[in-house]
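Working through the structure, step by step
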Number of protein chains: 4
Amino acid sequence: MLRYLTAGESHGICLTAILEGMPAGLPLAASFIDEELRRRQLGYGRGARMTSVETDRVQILAGLRGGKTIGSPLTLQVPNRDTSIDKLPVVTRPRPGHADLSGALKYNHEDVRNILERASARETAARVAVGAVAKRFLQEFGVTVFSHVVRMGGVQANVEKLTHAQIRKKAEVSPLRCADAKAEAKMIALIDKAKAAGDTLGGAIEIVATDLPVGLGSHVQWDRKLDARVSAGLMAIQAIKAVEIGAGTKVSVLFGSQLHDQIFHSKQKGFYRKTCRAGGIEGGMTVGGPIVVRIHMKPLSTLRKPMMSVDLKTKKPFAATVERSDVSAVPAAGVVGEAVVAFHLADAFLEKFGGDSLTETRRNFRGFLSQVENF
Amino acid sequence: MLRYLTAGESHGICLTAILEGMPAGLPLAASFIDEELRRRQLGYGRGARMTSVETDRVQILAGLRGGKTIGSPLTLQVPNRDTSIDKLPVVTRPRPGHADLSGALKYNHEDVRNILERASARETAARVAVGAVAKRFLQEFGVTVFSHVVRMGGVQANVEKLTHAQIRKKAEVSPLRCADAKAEAKMIALIDKAKAAGDTLGGAIEIVATDLPVGLGSHVQWDRKLDARVSAGLMAIQAIKAVEIGAGTKVSVLFGSQLHDQIFHSKQKGFYRKTCRAGGIEGGMTVGGPIVVRIHMKPLSTLRKPMMSVDLKTKKPFAATVERSDVSAVPAAGVVGEAVVAFHLADAFLEKFGGDSLTETRRNFRGFLSQVENF
Amino acid sequence: MLRYLTAGESHGICLTAILEGMPAGLPLAASFIDEELRRRQLGYGRGARMTSVETDRVQILAGLRGGKTIGSPLTLQVPNRDTSIDKLPVVTRPRPGHADLSGALKYNHEDVRNILERASARETAARVAVGAVAKRFLQEFGVTVFSHVVRMGGVQANVEKLTHAQIRKKAEVSPLRCADAKAEAKMIALIDKAKAAGDTLGGAIEIVATDLPVGLGSHVQWDRKLDARVSAGLMAIQAIKAVEIGAGTKVSVLFGSQLHDQIFHSKQKGFYRKTCRAGGIEGGMTVGGPIVVRIHMKPLSTLRKPMMSVDLKTKKPFAATVERSDVSAVPAAGVVGEAVVAFHLADAFLEKFGGDSLTETRRNFRGFLSQVENF
Amino acid sequence: MLRYLTAGESHGICLTAILEGMPAGLPLAASFIDEELRRRQLGYGRGARMTSVETDRVQILAGLRGGKTIGSPLTLQVPNRDTSIDKLPVVTRPRPGHADLSGALKYNHEDVRNILERASARETAARVAVGAVAKRFLQEFGVTVFSHVVRMGGVQANVEKLTHAQIRKKAEVSPLRCADAKAEAKMIALIDKAKAAGDTLGGAIEIVATDLPVGLGSHVQWDRKLDARVSAGLMAIQAIKAVEIGAGTKVSVLFGSQLHDQIFHSKQKGFYRKTCRAGGIEGGMTVGGPIVVRIHMKPLSTLRKPMMSVDLKTKKPFAATVERSDVSAVPAAGVVGEAVVAFHLADAFLEKFGGDSLTETRRNFRGFLSQVENF
């Protein structure tokens, strides 16, 4: 069982995650996590704040020795550059689209800052750190997790003719993490247009994990289904309003004969599919091979165009204020999505294969692969 | 904390759920649950099996006395009519789109029946029973949960001009649980066409819960967000491949200024919204009022049109066999979706308001409403 | 991960447990569980009710096919013979030593029966059924779990010169589950004396699990320690007021040099201990070999000797009524304790070794044994 | 729901805990936690290391603003003074009584330091910090948690004639946290004797929580019983080998008529007991008033007197080395025990009363008290 908790506010001292359940013996460098944190800070459409030279760096405060995990919980801490939380002014004006109003009423706070500081997407830095460890673990078993932007505004990327390896490579060097250069150009134009109009933009991201073994997750109970677990994690990312597995919303349009992934077998590959419309998950379990999920992020809720809200104290209407000037954080959300998917895959992986050391987990993993091969 | 486990196979003796955490003193009749079980069995597009006269009936074997919950766990049991599981033939031919293949390899079963019997959507009868209890509980607080079909194949229902009360009323008397009679006629034609072609159809369902208090769920930790919890439950329903909250996938198309629900206030209503594009959840918490989610169900995986698969024993290809002849179970999935949403709302409700008796939970609830009113 | 919920009232229709997480392929007969249920009903000191000819029988309603587990949750149901719960009279007189008063106030029940029916030790039949499955699982790995009575009233059993195998054998044929015949005779005399006086007796039971591998449980987090988990389960048995691991309360008397189990090594045995004063658990993990725990059960709370209490309705004092006439249920509590220990061991076992089929779990287990052997 | 994870090694950079679920609005000062950390470091029998001038100090890195909790998770961090973990020598010699051997074999570590650094009782500093927050919370409801040493070696404290308030006061100023000065003198003599002999001593501690409301915990499911939850927490403290509730192990000696706490009622007090032999918990629930538990700590496992063990590498026997020179840490274990009890009480408290702000929890609490008063 893999589990984690995060803590930390946007302008507090730091973000912290405790991650427990990683086997001992996994080589893990802070630089590996830092690279994921850096990827999270990238992306066309961010304001000056995020793209500044200073990037997040993790401190691994527990669970690691001599560059390897030792089996005890990992403390991952990301210091904030701006730690002025106690000096920042009281906020009484909740912003539409944020946790502000509901949070203030629920937790009985007159100062909305007590909500927005924690509800901020800044928290995802901690989840990216956790996911980086999961990615590192999955690497040992040949699993790669990546993301690419597939839609922004009305612009749709077309990657049908690309392999996963190609998509990944293209996305990784693209300012928008988009593998379709033509679409990307249009998306960038749209971002610029939104920026000029003081507006914001959302987008859709596809997250892919490759080379998974068959049988992660389970059909036996609702909360053990892999798609359910991954969906919970993804929907818990700030601003995500839809999660699709494989063909996703298109399944309500197609006929059955157009949709289901037929099953094939060869000596070399064993059982396999030629299509991935189920997104690599059937009956709550991986079918083996890649899984493909998509998330839809809403436009940032803070925009220069005024939106009506009500002051908590005076109950008077006002035009909601701008706290930040990013137009879009869609590429970043993709990196967070990767982290989330990686975590849940590692969790399902350890649930199935057990093991307290990398040696043991690997031995169990290989034993199962042989079993499947000789089925 | 509300929790449940279900057990039972499709052709086993019965389905069973244990539900724990309901406060004492809730009036609960088996007939109330039976009505939900009956609704689950309805819907144009089912084969003869489901629409037969005999309907599911629950047995409440624990937790109830004198027609009221007593605080101890509820055992909800739904006997199967066909209990021939031990006599049914061995299945070695996994069907595409089902848990069959992954499950057989994971659990090391030569007989796929050991997987398909549990992976079957028959299991949702237990979840509907659990959800019925949650619905009954929510009723006490004025919360209603209902569903309606919004898409089948390429046909989209248009309910923009209807209130939630109107949608609910229309859907409840519609053979497809669709509130748009014109669209429904086209959907039915499509179902008939698919039936003739030996094909199957999926669809999309909207689930609405009305009159919720502000502040269910929380922004403070990823797994406490209400949208994350509801999404997990919904994605865990058999054949669901996408979950949308509010505007859902459209958030990746719209500009921020078009999307966010502005905030208003009046003496009578307190804080309120005129739109519901966030689906009633911001920052992982209810904003107060309705929540709206949508799920997309894939076409049934068993169709008369042959699909290619491979025999587990011989490793020879074959054209996948038909086990059932339904064209669609979309309306039924809506009823399951209601159950799942109701469960997670009741869970979040009890998490916030606590209470071991209905009296206590109600007192705590009212206290909070006053607090919000006087905020 | 192994988990279970139980439901059911003492005079309700049945007790039910859902147990999830057992690998597929485990041979399991209802008769195996029935034998444990039978053992739970034995023991000198019970009244006529328990020792009547009719014994509990389990119905396995899900999760089993062709005599083997299939990986899906097991429904274990034990029908009650007396199902008159709805006709039984209102109880307004809480008994000292029971859940009666606290439960009635907490759950706001005017009728204490709504509490006592669930709080009754009758519920342990469900836990014994769950534990029987765990025992069956552990058998596959050579682990045996048994119990014997070590104290009743002031009488202490002396088994210092017996091996675990001898203790087990003697206890199993003893009317009191006591391996020291001399002590047992005195205990029986004490029971008879208590019976004559209308009084009740508690006792202490030792529970032993043999032949465990090293490394079940973990030191890394408080709630993963095996001793913590086992203690929670044991203290949750009705009437248990103390749990000891190994030397238990004696550790607060002895010097360190008298207590700790020194470590030895031989080619044949690997690392081993000659003593078991730590009870086989150090740092929250099994050391390999047996574990030994002890539980202390209070005398039954319902006795013919009157105890003062207060009527809930009239608030008038009264002398508490007798609901049952057993003098002691200590041997039965031992059987429940075995079940609880077996469950937590199986849980820790599956946490470490993973596996969805017995084949897979066994392969992983053997791999680890080799690893330890070649350490 | 209250939950926490801790992380950190004995000679690592720091210990960290994330605690989630505390309502907003609770006044909390680092100095309050520091005082508990200081109490944990006291006690006659510690070596020079622990009683050095420098004491632990907590850093609250998240969840607090303006001196009050804001509802988001708290990060509690205690820096270590000695952070040389990466430079410390390899350990291949497991010490009897420690996690050393089992942990090394389980996690496949050639260097036992990778186990002992986390298994160390140093980790309890994090749990004391967590418990301090829980204590602070309980204070708001008039609940006090304290501990006192009741046995060391063969010396038993006698506090029968003292009230809880008196015991607390005396223990707090005693070098051994013992309320019986005569017994304490003998205990100190015993410690000195053990020290001279190079030996170590364990002891027993009583932990008391006063003024609890009725109805915390529940009888309805095994893992919701308060005694089970508290026992798990206590047994998870390093070196604890027995947990007793109320009369504890004595329940296996006494007759029922001698044991059970009779029930009384008066207008002023409502229902009450004159005795506390059940330790304030019946049927897994508080009866109202104090709860009393006892834990037994084994002598420290590292002693100057040699104990036999085996080198992991050479497999040669050796006389186990001394890593520390404390004779006893019993008073400190009492402070840890207080923390653990406070956590589980606060958890059960929030489970029953809910609430996201102190205002709300208090309102719910008072509502229940009125309900009980007017029962």
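Notes on the structure follow. Computed from a prediction, not measured in an experiment: that's the story for all the values here. Per chain, the residues get numbers from 1 upward, laid out in the order the sequence is written. All chains are assigned letters beginning with A, and all ligands numbers beginning with 1, in the order in which they are written. Totals for whole chains, interfaces and linings use all residues, but because this is a predicted model, local features are given only for residues with pLDDT of at least 70 and pairs of side-chain atoms are given and counted only at 80 or more. Only hydrogens and water are removed before side-chain values are computed, so all heavy atoms of the structure are retained for them.

With respect to the overall build of chain A
We count it as follows: Secondary structure counts use DSSP, requiring at least four H or I residues in a row for a helix and at least two E residues in a row for a strand, with both numbered from the N terminus. Put simply, the radius of gyration uses C-alpha atoms, and a globule should come to 2.2 Å times the residue count raised to 0.38. Relative accessibility under 20% of the residue-type maximum defines a buried residue, over 50% an exposed one, and the middle range a partly exposed one, all with a 1.4 Å probe and only protein chains included. Contact definition: two residues touch when any of their heavy atoms are within 4.5 Å. Here the accessible surface of atoms and residues is derived via Shrake-Rupley with a 1.4 Å probe, and residues count as covered only by protein chains that are part of the display. Positive: Lys, Arg. Negative: Asp, Glu. His and the chain ends are not part of the count. Here the site of a charge means NZ on Lys, CZ on Arg, CG on Asp, or CD on Glu.
On a plain count of helices and strands, chain A comes out with 11 helices and 16 strands. Taken against the 2.2 N^0.38 rule, which gives 21 Å for 375 residues, the C-alpha radius of gyration of chain A at 21 Å falls within 12% of a compact globule. Principal-axis analysis of the C-alpha atoms places the extent of chain A at approximately 70 × 50 × 40 Å. Considering chain A as a whole, with its 375 residues, one finds that 69% of them fall into the buried category. In chain A, once contacts between residues fewer than 6 apart in sequence are set aside, the share between residues at least 24 apart is 71%. Total accessible area on chain A stands at roughly 12100 Å², and carbon and sulfur atoms take up 53% of it. A gap of 3 Å separates the mean positions of the 52 positive and 37 negative side-chain charges of chain A.

Here we look at the relation of the copies chain B and chain A
Stated formally: We superpose the copies by least squares over the C-alpha atoms of residues that have a pLDDT of at least 70 in both of them.
Between chain B and chain A, which share one sequence, the superposing operator has a rotation angle of 180 degrees and an axial displacement of 0.0 Å; the RMSD is 0.0 Å. Here the transformation between the copies is reduced to the relation of a two-fold axis. Mapped onto chain A, 100% of the interface residues of chain B are again interface residues, and the two copies thus contact each other with one and the same surface.

Points about the pattern of salt bridges
Counted only if it meets this: A side-chain nitrogen of Lys or Arg and a carboxyl oxygen of Asp or Glu constitute a salt bridge if their distance falls within 4 Å.
Counted by the stated rule, this structure contains 132 salt bridges over all chains. With a closest N to O distance of 2.6 Å, Asp 223 of chain A and Arg 3 of chain C form a salt bridge. On the criterion of chain membership, the pair formed by Asp 223 of chain A in the loop between strand 9 (203-217) and helix 8 (226-235) and Arg 3 of chain C in strand 1 (residues 3-7) is interchain, its members lying in two chains. Judged by its relative accessible area of 26%, Asp 223 of chain A falls in the partly exposed class.

A look at the relation of the copies chain D and chain C
Superposing chain D onto chain C takes a rotation of 180 degrees combined with a translation of 0.0 Å along the rotation axis, leaving an RMSD of 0.0 Å. A shared interface surface links the copies, since 100% of the contact residues of chain D are contact residues in chain C too.

Points about helix 3 (residues 100-107) of chain A
Within helix 3 of chain A, 8 of the 8 residues are buried, which leaves the element mostly enclosed by the surrounding structure. Turning to helix 3 of chain A, its buried residues are Asp 100, Leu 101, Ser 102, Gly 103, Ala 104, Leu 105, Lys 106 and Tyr 107 of chain A. Where helix 3 of chain A is buried, its residues meet helix 4 (113-119) of chain A, strand 12 (270-272), strand 14 (285-286), helix 9 (330-353) and helix 10 (358-373) of chain B together with helix 10 (358-373) of chain D. Count one or two residues on from helix 3 of chain A and you reach Asn 108 of chain A, which has phi positive near 60 degrees.

Some points on the packing of helix 9 (residues 330-353) of chain D against helix 10 of chain D
Residues and elements named next belong to chain D. In plain terms, the rule: Helix axes are fitted to C-alpha atoms over the stretch in contact, other axes to C-alpha atoms as well, and angles between N-to-C directions run from 0 to 180 degrees. Note that the term roughly parallel is reserved for angles under 35 degrees, roughly antiparallel for angles over 145, roughly perpendicular for angles of 65 to 115, and oblique for everything else. Amino acids are sorted into nonpolar (Ala, Val, Leu, Ile, Met, Phe, Trp, Tyr, Cys and Pro), charged (Asp, Glu, Lys and Arg) and polar (every other residue, Gly among them).
With their axes 9 Å apart at the nearest point, helix 9 and helix 10 run at an angle of 80 degrees to one another. By the angle between their directions, the pair helix 9 and helix 10 is classed as roughly perpendicular. Where helix 9 approaches helix 10, its residues Phe 349, Leu 350, Lys 352 and Phe 353 are matched on the opposing element by Thr 361, Asn 364, Phe 365 and Phe 368. Looking at side-chain class alone, the contact of helix 9 with helix 10 contains 5 nonpolar, 2 polar and 1 charged residues.

Here's the deal with the interface of chain D and chain C
What counts, and what does not: Buried area: the sum, over both parts, of the accessible surface (1.4 Å probe) that disappears when the two are put together. Residues adjacent in sequence count toward polar contacts only when both atoms are side-chain atoms; beyond that, a polar contact is any pair of N or O atoms within 3.5 Å, and within protein one must be able to donate a hydrogen and the other to accept it.
At the interface, 103 residues of chain D touch 103 residues of chain C. Of the roughly 8600 Å² buried between chain D and chain C, counting both surfaces, carbon and sulfur atoms make up 63%. Among the residues of chain D in contact with chain C, Trp 222, Lys 241 and Phe 375 of chain D are the three that bury the most area, contributing 10% of the side total. Here chain D is connected to chain C by 0 salt bridges. For the interface between chain D and chain C, the tally reads 53 residue pairs in polar contact (both at pLDDT 80 or more). When residues of the side of chain D that touches chain C are assigned to their parent elements, the largest contribution, 7 residues, is made by helix 2 (residues 100-107) of chain D. Residues belonging to the side of chain D that touches chain C are distributed by class as follows: 49 nonpolar, 35 polar and 19 charged.

Details of the pairing of strand 14 (residues 285-297) of chain A
Residues and elements named next belong to chain A. Threshold: Pairing between strands is defined by DSSP: at least two bridges between them are needed.
Taken across its 13 residues, strand 14 has 10 buried, putting it largely inside the fold. Across 10 bridges, strand 9 lies against strand 14 in antiparallel orientation. The partner of Ile 205 across the bridge, within strand 14, is Ile 295. Pairing analysis gives 5 bridges linking strand 10 (residues 240-245) to strand 14, with the strands arranged antiparallel. Its bridge partner being in strand 14, Ile 240 is matched across the sheet by Met 297. Taken together, the 2 bridges between strand 13 (residues 281-282) and strand 14 define a ladder with antiparallel strand orientation. Bridged to Ile 281 within strand 14 is Thr 286. In textbook terms, the turn of a hairpin is the stretch between consecutive antiparallel strands, and for strand 13 and strand 14 this stretch comprises 2 residues, one of which, Gly 283, has a positive phi near 65 degrees.

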